[in-house]
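One-letter residues, chain by chain:
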Amino acid sequence: MGGIGSGSHKQSKGAIEDGEKLDISEFVKIPEFKERVIKRSKSLSGKYNWTDKKTGEELGSIYFMFKCIRDNIFLNLQYSHTNCFTGEKTSMNYDIKLITLNRSNRGNIYLFECPQCKTYRGFKLYNAGSTYFACRECLKLNYRSSKESGKYDSICKWFGNELGESPKDIHYSLKQLFS
Ligand SMILES: [Zn+2]
């Protein structure tokens, strides 16, 4: 769980941790969302972060910007993705389309369109060590199972912290053990 704060694109890009999720309801709660995004008057940007529930420490963050292209609303995300095994960093910058469902007199509902399959529409997108945020189905295709991938990631991180080794060395050692 985390929150949304003010941020600037000029700041260094955020970095995300595995197991993060994006929740559209968090964005809809931003006071300026209605005025700027729904009325398409101005872009809306900021920082979305995940914090440790106990310590309040920031675990990961992304920079986001809502923008309108023709009649569509897109959520642009920018963050740095670190491969747990190789330590390789990738700069991510891509758009997620927002789907508007009109409920006549009860207002609109906003959903994310999965940037991978472009067919799933839902309130949440996930990241399980993947470079992109995606729906659960897409993550299942990329990983044998999200549980397995989560377990592997935490082992990798734990070893790295305990032994003071780089993720690349940990990956090599794990490969020797499990292959
Ligand atoms: Zn998908």
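Residues numbered from 1 in each chain as written. Predicted model: local features only at pLDDT ≥ 70, side-chain atom pairs only at ≥ 80, totals over all residues.

Asker: Help me understand the overall build of the chain in this model?
Answerer: From N to C terminus, the chain includes five helices and ten strands. Residues classed as buried in the chain amount to 22% of the 179 residues present. Restricting to contacts in the chain with at least 6 residues of sequence separation, those with at least 24 account for 43%. (Helix = DSSP H or I, 4+ residues; strand = E, 2+ residues; numbered from the N terminus. Buried ≥ 20, exposed ≤ 12 C-beta atoms within 10 Å, placed from the backbone. Contact = placed C-beta atoms within 7 Å.)

Asker: Looking at this structure, how should I read the environment of Cys 68?
Answerer: Locating Cys 68 in the fold gives a position in strand 5 (residues 58–69). A C-alpha to C-alpha distance of 9.8 Å links Cys 68 and Lys 97, two positions 29 residues apart in sequence. Setting aside anything within four residues of it in sequence, one finds Cys 68 in contact with Arg 40 and Ile 73.

Asker: Looking at this model, I keep getting lost on unusual backbone geometry. Mind explaining?
Answerer: Note on backbone geometry: most residues besides glycine have negative phi, and most peptide bonds are trans. Positive phi values are uncommon outside glycine, yet Arg 70 reaches one of about 55 degrees. Along the polypeptide, Arg 70 turns up in the loop between strand 5 and strand 6 (72–82). Since 4 C-beta atoms lie within 10 Å of it, Arg 70 is described here as exposed. Positive phi is not limited to glycine here, since Lys 118 has a value of about 60 degrees. Of note, Lys 118 is situated in the loop between strand 8 (108–113) and strand 9 (121–122). On the neighbour-count criterion, Lys 118 (10 C-beta atoms within 10 Å) is exposed.

Asker: Just checking my understanding: could you explain the environment of Ser 45 for this structure?
Answerer: Topologically, Ser 45 is positioned in strand 4 (residues 44–51). Residue classification places Ser 45 among the partly exposed positions, given that 17 C-beta atoms sit within 10 Å.

Asker: I tried to follow the nonpolar core on my own but got confused; where do I start?
Answerer: Nonpolar side chains in soluble globular proteins tend to end up buried together. Judged by nonpolar contacts, the single largest core of 20 residues is most densely connected at Ile 62, Phe 64, Leu 77, Cys 114, Leu 125 and Ala 134. Contributing elements (two or more residues each) for this core: strand 5, strand 6 and helix 3 (136–142). Per-element accounting of this core gives the leading share, four residues, to strand 5. Setting aside residues no more than four positions away along its own chain, Leu 77 makes contact with Ile 62, Phe 64, Met 92, Tyr 94, Ile 96 and Phe 133. (Core = buried A, V, L, I, M, F, W, Y, C linked by C-beta atoms within 7 Å.)

Asker: Teacher, can you tell me more about the pairing of strand 6 here?
Answerer: Here strand 5 pairs with strand 6 via seven bridges, running antiparallel. Following the sheet pairing, Phe 66 is matched in strand 6 by Leu 75. Connecting strand 5 to the next strand, strand 6, in antiparallel fashion are two residues, including Arg 70 with a positive phi near 55 degrees. Once strand 6 ends, the chain turns through six residues before running back antiparallel as strand 7 (residues 89–102), passing Gly 87 with a positive phi of about 75 degrees. (Pairing = 2+ DSSP bridges.)

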